[in-house]
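# Structural overview
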Amino acid sequence: KYFQEALPFRIKKLVYYNVPKVFEAIFKLVSDWFNEKIKSRIIVLHNDMTPAFTDLPGLKELTPKEMGGLSKLSFEEICDRTTPTMTKLVDETKSFAITV
């Protein structure tokens, strides 16, 4: 219910790539509780990103070559570039609170 109605942002598409079989089995059980709108926004892929590239224009240009994309950066380089930003974001939001 929280995932469907109470998140403070809209999820357009979730792509789970290269997931283990256990995750896929658990996801199938849990997805029975999702409404059809949420189910249509989730893609579970093994090793072919083509369905995600079709659904999300521009994703192929951002995805590393080792995942079937066109980006000149490797997965490790993308992680190295985004880690400081994400760490800073987490550090800054530790003191964030909403009171009523």
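Our structure's up above, just so we're on the same page.
Residues numbered from 1 in each chain as written. Predicted model: local features only at pLDDT ≥ 70, side-chain atom pairs only at ≥ 80, totals over all residues. Heavy atoms only, no water.

### Here we look at the overall build of the protein chain
Quick reminder of the rule: What counts as a helix is a DSSP run of H or I of at least four residues, what counts as a strand is a run of E of at least two, and both are numbered from the N terminus. Here the term buried applies to any residue with accessible area under 20% of the maximum for its type, exposed to any over 50%, and partly exposed to those in between, with areas from a 1.4 Å probe on protein chains only. Residues are treated as being in contact if the distance between any of their heavy atoms lies within 4.5 Å.
Helices and strands together make up the secondary structure of the protein chain, namely six helices and two strands. When the helices and strands of the protein chain are placed in sequence order, the string is α-β-α-α-β-α-α-α. The buried share of the protein chain, taken over its 100 residues, is 19%. Taking the intrachain contacts of the protein chain between residues at least 6 apart in sequence as the baseline, contacts between residues at least 24 apart amount to 44%.

### Structural notes on the environment of Lys 21
If you trace the backbone, Lys 21 turns up in helix 2 (residues 21-31). Considered as a pair, Lys 21 and His 46 are 25 residues apart in the sequence and their alpha carbons are 9.2 Å apart.

### Description of the environment of Lys 39
With respect to the helices, strands and loops of the structure, Lys 39 is situated in helix 3 (residues 36-40). Note on Lys 39: relative accessible area 30%, which makes it partly exposed. With 26 residues separating them in the primary sequence, Lys 39 and Lys 13 have C-alpha atoms 9.7 Å apart. Those residues in contact with Lys 39 that sit more than four places away from it in its chain are Ser 31, Asp 32 and Phe 34.

### Side note on the nonpolar core
What counts is decided by this rule: What we call a nonpolar core is a set of buried Ala, Val, Leu, Ile, Met, Phe, Trp, Tyr and Cys residues that are connected through their side-chain atoms within 4.5 Å.
Membership of the largest hydrophobic core is limited to five residues, which are Ile 43, Leu 45, Met 49, Ala 52 and Phe 53. Ala 52 has contacts with Val 15, Ile 43, Leu 45 and Leu 59, leaving out every residue within four places of it along the chain.

### Focus: the packing of aromatic side chains
The condition that has to hold: Between 30 and 60 degrees the pair is tilted, below 30 it is stacked and above 60 it is edge-to-face, where a pair is any two Phe, Tyr or Trp rings, Trp via its six-membered ring, whose centres lie within 6.5 Å.
Within this structure, the stated rule accounts for four aromatic pairs. Note on Phe 23 and Phe 27: the rings are 6.0 Å apart at their centroids and 15° apart in plane angle, and the pair reads as stacked. Here Phe 27 and Phe 23 lie together in helix 2, a separation of four residues that amounts to about one turn. Residue classification places Phe 27 among the buried positions, given a relative accessible area of 18%. In this structure an aromatic cluster arises from ring pairing among Tyr 16, Phe 23, Phe 27 and Phe 34.

### Points about the pattern of salt bridges
Just so we agree on the cut-off: A carboxyl oxygen of Asp or Glu within 4 Å of a side-chain nitrogen of Lys or Arg is what we treat as a salt bridge.
Summed over the entire model, instances satisfying the criterion amount to three salt bridges. Taking the shortest distance from any N to any O, the salt bridge between Lys 28 and Glu 24 comes out at 4.0 Å. Pair noted here: Lys 28 and Glu 24 are both in helix 2, with a separation of four residues, about one helical turn. Note that Glu 36 is salt-bridged to Lys 39, the shortest N-O span being 3.5 Å. Placement of the pair is Glu 36 and Lys 39 together in helix 3, with a separation of three residues, close to one helical turn.

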